[in-house]
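Working through the structure, step by step
Listed below are the residues making up each chain.
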Amino acid sequence: MWEEQKQADYYLHISRTLQEASVKMGLRSALGYVFTPEERKALADIQEIFFPGQALSEDAPHAVLGRASGILTDAWAGVSAAYLPPVNELRIAENAAEQLRNQPVHCGERRSK
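Quick look at the structure, then. (Residues numbered from 1 in each chain as written. Predicted model: local features only at pLDDT ≥ 70, side-chain atom pairs only at ≥ 80, totals over all residues. Heavy atoms only, no water.)

What follows is about the packing of helix α2 (residues 37-50) against helix α4 (residues 87-101). The geometry of α2 relative to α4 is characterised by a closest axis approach of 9 Å and an angle of 150° between their N-to-C directions. The angle between the axes of α2 and α4 places the two elements in the roughly antiparallel class. Relative to α4, α2 is oriented so that their crossing is left-handed. Listed contacts from α4 to E39, A42, L43, I46, I49 and F50 of α2 are E89, L90, I92, A93, A96, A97 and L100. Looking at the contact of α2 with α4, its residues break down into 11 nonpolar, no polar and 2 charged. (Axes fitted to C-alpha atoms, helices over the stretch in contact; angles between N-to-C directions. Helix = DSSP H or I, 4+ residues; strand = E, 2+ residues; numbered from the N terminus. Parallel < 35°, antiparallel > 145°, perpendicular 65-115°, else oblique. Left-handed = near helix turned anticlockwise from the far one by under 90°. Contact = heavy atoms within 4.5 Å. Nonpolar A, V, L, I, M, F, W, Y, C, P; charged D, E, K, R; others polar.)

As structure tokens, then:
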């Protein structure tokens, strides 16, 4: 029982980190900033962890963060998931999401209008 609760809490923790990163990256996108190669790699890594074999969206690449967060929130709530990454891959996703979340909003190159 305790182990299941600990695992559920871990899913919720990562879900929140992904959601916070999603908000930050969405704000950067809305303000017209171009994602850096490091940001694109972090997003692609998360995409591959949660949705293996699917391409990252060109229109809104940060949308993968919200989708991945939803999967973990469902897992936390006890809803069975079609695919839930193993813990070692969740740690990779967590680290990538933390890097994205910790990016300053105003940095880098802006898209031309």
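Back to the write-up after that little detour.
The next subject is the pattern of salt bridges. On inspection of all chains with the given rule, the structure shows 3 salt bridges. Across the pair E20 and R101 runs a salt bridge, and its minimum N-O distance is 3.1 Å. Placement of the pair is E20 in helix α1 (residues 2-30) and R101 in helix α4, with a sequence separation of 81 residues. For R101, a relative accessible area of 25% corresponds to the partly exposed category. Between E39 and R28 there is a salt bridge, with the nearest N and O atoms lying 3.2 Å from each other. On the criterion of sequence distance, the pair formed by E39 in helix α2 and R28 in helix α1 is long-range, its members being 11 residues apart. Judged by its relative accessible area of 2%, E39 is buried. (Salt bridge = Lys/Arg side-chain N within 4 Å of Asp/Glu carboxyl O. Buried < 20%, exposed > 50% of the residue type's maximum accessible area, 1.4 Å probe, protein only.)

Turning our attention to the packing of aromatic side chains. Here a ring pair, both rings aromatic, is described through the centre-centre distance and the interplanar angle of the planes. Evaluated as defined, the whole model comprises 1 aromatic pair. Centroid distance F50 to F51: 6.4 Å. Interplanar angle 45°. Geometry classified as tilted. Each member of the pair, F50 together with F51, is buried. The aromatic ring of F51 is capped on one face by R67, whose charged end is 4.0 Å from the ring centroid. (Phe/Tyr/Trp six-rings, centres within 6.5 Å; stacked < 30°, edge-to-face > 60°. Lys NZ or Arg CZ within 6 Å of the ring centre and 35° of its normal.)

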